[in-house]
Protein chains: 2
Amino acid sequence: MNCEIIGVGTELLLGDIVNSDAQYLARELASMGIVIHYQEVVGDNPERMRACISTAVSRSDLVILTGGLGPTADDLTKEISCEVMGAELVLDESILEGIRSYFTAKGIVMPENNAKQAYVPAGGTVFANRNGTAPGCAVEKDGKILIMLPGPPRELKPMFEHEVKPFLANRTGGIILSRQVRTFGIGESDMAQRVALLLDGANPTVAPYAKDGEALLRVTAKAETYEQASEMCESTIEKIREKIGSYIYSTDSENLEETVVKLLKKSGKKVALAESCTGGYIAKRITDVPGSSEVFEYGIVSYSNEVKQKLLGVKSETLEEYTEVSAQTAAEMAEGVRRLSGADFGISVTGISGPGGGSDDKPVGLSYIGFAYEGGTQVREVRTGKKEDSREYNRYVSASNALHMLIQYFNERTGKEE
Amino acid sequence: MNCEIIGVGTELLLGDIVNSDAQYLARELASMGIVIHYQEVVGDNPERMRACISTAVSRSDLVILTGGLGPTADDLTKEISCEVMGAELVLDESILEGIRSYFTAKGIVMPENNAKQAYVPAGGTVFANRNGTAPGCAVEKDGKILIMLPGPPRELKPMFEHEVKPFLANRTGGIILSRQVRTFGIGESDMAQRVALLLDGANPTVAPYAKDGEALLRVTAKAETYEQASEMCESTIEKIREKIGSYIYSTDSENLEETVVKLLKKSGKKVALAESCTGGYIAKRITDVPGSSEVFEYGIVSYSNEVKQKLLGVKSETLEEYTEVSAQTAAEMAEGVRRLSGADFGISVTGISGPGGGSDDKPVGLSYIGFAYEGGTQVREVRTGKKEDSREYNRYVSASNALHMLIQYFNERTGKEE
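Fair warning: this is a prediction, and the values are worked out from it, not measured in the lab.

Asker: Describe helix α9 (residues 256–267) of chain A, listing the residues and the values that go with them.
Answerer: All names here are of chain A. Under the 1.5 Å per step criterion, the end-to-end length of α9 is 17 Å for 12 residues, consistent within 8% with the ideal 16 Å. Every buried residue of α9 is accounted for by Leu256, Glu257, Thr259, Val260, Val261 and Leu264. Taken from the residues just after α9, glycine 268 is the one with a positive phi, measuring 70 degrees.

Below, the structure is given as structure tokens:
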């Protein structure tokens, strides 16, 4: 089955937003063994949309459109797609009722133009939207499938995961299973070289990629049954583990913060945070994880030296002698927040995220992570090597390193106990 | 002049990387008054590339390709584009020399396959690459322009800025200017209905869209000069202001956190935060803004009731009588952090982000924002109406409301003073 993805919307065409839906869908479809030949973006223009959709339907088995399902007059995805596929749009009373309740729950009366979203293709499949008002839908004709999904990622992703994947699984044969091997502290090309022999395999395939300062491997197996595919992935992951085991922190698609929360829950321990340059980013990432309140209760954002001293007990001599961006300050911040909170672990970050504030000696992208635990304090120096314009990246990578220090602590202890 | 952008490369097609080049180029081209009708992504497949480029050249005045200029055998952008445009590829000795020096400077001998990058279209324009080995180039024929640029953003962006922009400026007339009107507290369809008459205008055009729980309008004017276009936008924004002025928080493309930092800086005031359900998200967003340390020094993440009581001074009777998710607790948290920090404003959030913890009475998506200032405390109740799977959204919207309360405070005061 070959596929193409069409993003609809002038905001995409003019570059107001980046087409992250296309990336998400491409990766998910590829992992299901669906071959993608083209992606397009087209604006809210009836003629060009018609031309684009017609071409796509003529050359691809599966066409997925994202966006243009909104309530306003320039949202035309359903109208034009159904015209091309020869399907009629009919009002679905139960969807209309659902949209009304959505607004009622917010204490608002449904604006009349939202009724437009309750029209779906006759004889098609409807995908429920748990996070918005626009349902998705699919039309099938002459062996071709056309799927329409809402543009906002928080609506599209759960809909694709829960509704579209099972729909597509029924229409493709066999099973394709993908597993992710996540590493920290090794570059993509270094990782790729160390597992080079595995990259040539045809089934499972092993593909390296880099994301947000981490290097990942995607292992994908095709088989008749889920069990076979799962076993094939597992045996390849074992081979990867032999090569780069010490860098791997997850093989279950869990990110750093999810891994941290899992490890803390398992051990019944808690962490407290004192953040300077990351300014709440670590706290935000930990509390992204549902249930994190069990293991994280206490965070301080100490953007000024005054707060570092008064609240966290960083000594004024330390700040004077070593400055606020130093291993010594990081250590005292971590110890301070651990003491103050009574948590098992104290983690701190102090650094220079940019764009300003850097020097030759202490450049933008430098940070120190403090990690205080029963029996000691460790400090990790991080240098991202990125300069101006990299504030977000520098903050993200500092936060990642902070999370990773805690994972490393658990991994080292587990290693010793075994 | 209408344009389309083609991204070449299997890594884009499979979603390994997001197509940020397309977003960058689209935004730059739109600001130059070049209309973009289509964007595509195609893999490193000769036949599909040929089809895609041929279609593009037939329907667009300007076609820009990104990627596929590398040294390996699957990099085919130049070969296929020149074939479609009927141009011959010839070796340029001076470029070859440049590529050799690039490697020499790094202490490496040029790999032989890099010589492929020194071939350029006969009679075309060459764009120098200051950050890599692949030069860009342009071919013109029968009034059509085809431009090829390297894929890596750090090579593409400076090349576009310094080489391609002047090249294009010589070939286009007129100016297009876009302005963004950002609102908070009104839905996209409600907003669209209130400014419905303006949405029909041809020049400037006014287009509504929704992003991250906010509703925006894009106003775009075409004119001979920058001044004319600017005046046309401004007069349309005035008309929008008459309809929905109280919801507008920015007409300068600034987001909520940028607006907050700007207003605080301007007034010389500081804010402190006490976050429960948002868990550091507001702090993270404020510190995303460079220079925020001037106005934000102190944040507390108080995920447990113990921290709310001990550190922030929330009364145990308040927690017992009203629970931690209540207007009363929010008010005491905001007052507590304002007192503790000595900041001018204290902002707090307490709520239920999900997936768990909701009840009929206090559902997931409910939060209370406390706002303490000299002379009073306000509380805003937020109900996102979203349930499970919406933790990120609920947290984001709670944080947005917290930021918006501060903006509203400033706006109301400015209103009174006038």
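Asker: With reference to specific residues and values, describe the interface of chain A and chain B.
Answerer: Across the boundary between the two partners, chain A contributes 63 residues, which contact 60 residues of chain B. Where strand β2 (residues 35–42) of chain A lies against strand β2 (residues 35–42) of chain B, five bridges are found, and the strand directions are antiparallel. The partner of glutamate 40 of chain A across the bridge, within β2 of chain B, is glutamate 40 of chain B.

Asker: Let's hear about the packing of helix α3 (residues 46–59) of chain B against helix α4 (residues 77–85) of chain B: which residues, and what values?
Answerer: All names here are of chain B. For the pair α3 and α4, interaxial distance at closest approach is 10 Å and the crossing angle is 45 degrees. With respect to α4, the axis of α3 lies oblique. When the axes of α3 and α4 are compared, the crossing they make is right-handed. In this structure, α3 uses Pro46, Met49, Arg50, Ile53, Ser54 and Val57 to contact α4, whose residues at the interface are Ile80, Ser81 and Val84. Here the contact of α3 with α4 is composed, by residue class, of six nonpolar, two polar and one charged.

Asker: Before we move on, could you go through the environment of methionine 405 of chain B and cite the residues and values that matter?
Answerer: Residue and element names in this part refer to chain B. With respect to the helices and strands, methionine 405 occurs in helix α14 (residues 391–417). Accessibility expressed as a C-beta count within 10 Å gives 20 for methionine 405, which makes it buried. Those residues in contact with methionine 405 that sit more than four places away from it in its chain are Ile347, Ile369, Phe371, Gln378 and Arg380.

Asker: So, the environment of glycine 280 of chain A: which residues are in play, and what are the values?
Answerer: You can see glycine 280 of chain A is positioned in the loop between β13 (271–275) and α10 (281–287). Residues glycine 280 of chain A and lysine 165 of chain A, 115 residues apart in the sequence, show an inter-C-alpha distance of 36 Å. Residues contacting glycine 280 of chain A, with those up to four places away along its chain left out, are Glu275 and Val301 of chain A together with Gly280, Ala283, Lys284, Thr287 and Gly299 of chain B.

Asker: Pulling in residues and values, what's your account of the sheet that holds strand β10 (residues 205–211) of chain A?
Answerer: Residue and element names in this part refer to chain A. Spatially, four strands are ordered β10-β11-β9-β12 in an open sheet, and the strand pairing comes out antiparallel. At either margin of the open sheet sits one strand with a lone partner, and together these are β10 and β12 (248–250). The average angle at which neighbouring strand axes cross in this sheet is 35 degrees, direction not considered. Alignment of strand β9 (residues 175–183) against β12, held across two bridges, turns out to be antiparallel. Following the sheet pairing, arginine 182 is matched in β12 by serine 250.

Asker: Run through the domain arrangement of chain A, naming residues and quoting values.
Answerer: Along its sequence, chain A is organised into domain 1 (2–169), domain 2 (175–250) and domain 3 (256–417). Computed from C-alpha coordinates alone, the two centres of domain 1 of chain A and domain 2 of chain A are separated by 32 Å.

Asker: Can you explain the pairing of strand β16 (residues 366–373) of chain A? Please cite residues and give values.
Answerer: The two faces of a sheet get side chains in turn, since along a regular strand they alternate between them. All names here are of chain A. Among the eight residues that make up β16, eight are buried, leaving the element largely enclosed by the rest of the structure. Burial along β16 is two-sided: the face carrying Leu366, Tyr368, Gly370 and Ala372 and the face carrying Ser367, Ile369, Phe371 and Tyr373 are both buried. In terms of strand pairing, strand β15 (residues 345–351) meets β16 through six bridges, oriented antiparallel. Bridge assignment links serine 348 to a residue of β16, and that residue is glycine 370. Sheet analysis places β16 next to strand β17 (residues 376–383), joined by eight bridges and oriented antiparallel. Looking at the pairing, serine 367 lines up with valine 382 of β17.

Each value, and the rule that gives it
- Residues numbered from 1 in each chain as written.
- Chains lettered and ligands numbered in written order.
- Predicted model: local features only at pLDDT ≥ 70, side-chain atom pairs only at ≥ 80, totals over all residues.
- Helix = DSSP H or I, 4+ residues; strand = E, 2+ residues; numbered from the N terminus.
- Expected span 1.5 Å × (residues − 1).
- Buried ≥ 20, exposed ≤ 12 C-beta atoms within 10 Å, placed from the backbone.
- Contact = placed C-beta atoms within 7 Å.
- Pairing = 2+ DSSP bridges.
- Axes fitted to C-alpha atoms, helices over the stretch in contact; angles between N-to-C directions.
- Parallel < 35°, antiparallel > 145°, perpendicular 65-115°, else oblique.
- Left-handed = near helix turned anticlockwise from the far one by under 90°.
- Nonpolar A, V, L, I, M, F, W, Y, C, P; charged D, E, K, R; others polar.
- Domains from an automatic or database assignment.

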